[in-house]
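# Descriptive analysis of the structure
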Amino acid sequence: MTDSPTEQTSPTPEAARAAMAAQMPFVREALTELVAFRSVHSTPGLEKDNADAAAWVVNSFREVGIPVEPHVTSDGSTSVIGLREPAEGFPTILLYSHFDVQPASDVENWTASPWELTERDGRWYGRGAADCKGHVVMHLAVLRALNELATEFPDVSKVGVRVLVEGSEERGGYGLEDLLAEKPDLFAADVFLIADSGNDALGVPAVGTALRGTAPVTVTVETLDQPMHSGQYGGAAPDALLSLIHLLATLHDDNGLVAVDGLDSDARWEGRGPDAATFRHDAGILDGVDLLGEAQGLNP
Ligand SMILES: [Zn+2]
């Protein structure tokens, strides 16, 4: 018999669910602590909050048995990285999340303090609670649950676990990219689980296998060497802003599909998606506005 995962040595879904449910008091307590750090990267005056948040992450993962270390990166942020080695023949999964958050400006317009986890209508609110401090805590809770299940099902602790918790995801830091180029071995894994997005719907677990991205590009359009009066020169003298608008309009076709050479729009999603009403509601699409693209199953 080979030493590999088998049906008999894994907990049932019910046992896994029960083990996770038992972690919810921990989840709330840990998320309360993590949300309280004002960990907005590269913000003068918040250096201590960022350092304290990183230290909290280090300690928390060590407590669940992952020997993580803080790595100060080229943008001054700290990435927390560590590996619990797999047993022979078992794969390694990398758990990614980040502990930095977007700034909480106009605090007076918040219903409650952004830095205090607050429950309203059965949901928990706080800056970064959903992006992505909740995900950091989810990983901790899963590892705690697995540690408990391991007494009965030793195989669950044989999977290698690599943890990566970044400190400058939100504000365009390049620290992690540089570290990846410099020390790729720190990131080696068989599977990457990037916990940094939401579910389809409340209470419906989901795994995303692809996500649309963005690419920042700076475009400068110049047509005249000086500003001119639109009444005297407008029309025949090309306007830079109008030219730019024409240029941007060529990036998509009339149906909203990407029309850039080298980027194809041929991929088709075969899996389950939200129904049209849910998608429109979640996206906040106004009545009378049609969806773009082909949006299979979403356009009636
Ligand atoms: Zn995020």
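Refer to the structure presented above.
Notes on the structure in this doc start here. Remember, predicted model here, so these are calculated numbers, not experimental data.

Time to look at the overall build of the chain. Looking only at helices and strands, the chain features 8 helices and 7 strands. Reported as C-alpha extents along the three principal axes, the dimensions of the chain are approximately 80 × 50 × 45 Å. Counting over 300 residues, the chain shows a buried share of 30%. Expressed as a percentage of contacts within the chain between residues at least 6 apart in sequence, the contacts between residues at least 24 apart total 68%. Accessible surface for the chain amounts to roughly 19300 Å². Of this, 56% is attributable to carbon and sulfur atoms. When the 19 basic and 47 acidic side-chain charges of the chain are each reduced to a single mean position, those positions are 7 Å apart.

Let's shift gears to the coordination of the zinc ion. When a metal holds four donors in a tetrahedron, each ideal angle between them is 109.5 degrees; when it holds six in an octahedron, the ideal angles are 90 or 180 degrees. The zinc ion binds to the protein through His-98 (NE2), Asp-131 (OD), Asp-196 (OD) and Asp-196 (OD), with metal-donor distances spanning 1.9 to 2.7 Å. Here the zinc ion binds 4 donor atoms, and the angle range of 54 to 144° at the metal identifies the geometry as irregular. Taken in chain order, the donor set of the zinc ion reads H-x32-D-x64-D. Pair noted here: Asp-131 is in helix α4 (residues 129-149) and Asp-196 is in the loop between β7 (191-194) and α6 (230-233), with a separation of 65 residues, a long-range link. With a relative accessible area of 22%, Asp-196 lands in the partly exposed category.

About the criteria used
- Residues numbered from 1 in each chain as written.
- Predicted model: local features only at pLDDT ≥ 70, side-chain atom pairs only at ≥ 80, totals over all residues.
- Heavy atoms only, no water.
- Helix = DSSP H or I, 4+ residues; strand = E, 2+ residues; numbered from the N terminus.
- Buried < 20%, exposed > 50% of the residue type's maximum accessible area, 1.4 Å probe, protein only.
- Contact = heavy atoms within 4.5 Å.
- Areas by Shrake-Rupley, 256 points an atom, 1.4 Å probe, with all protein chains shown as cover.
- Lys, Arg positive; Asp, Glu negative; His and termini not counted.
- Charge placed at Lys NZ, Arg CZ, Asp CG, Glu CD.
- Donors = N, O, S within 2.8 Å, 3.2 Å for Na, K, Ca; no water.
- Tetrahedral: all angles 85-135°; square planar, octahedral: opposite > 155°, others 65-115°.

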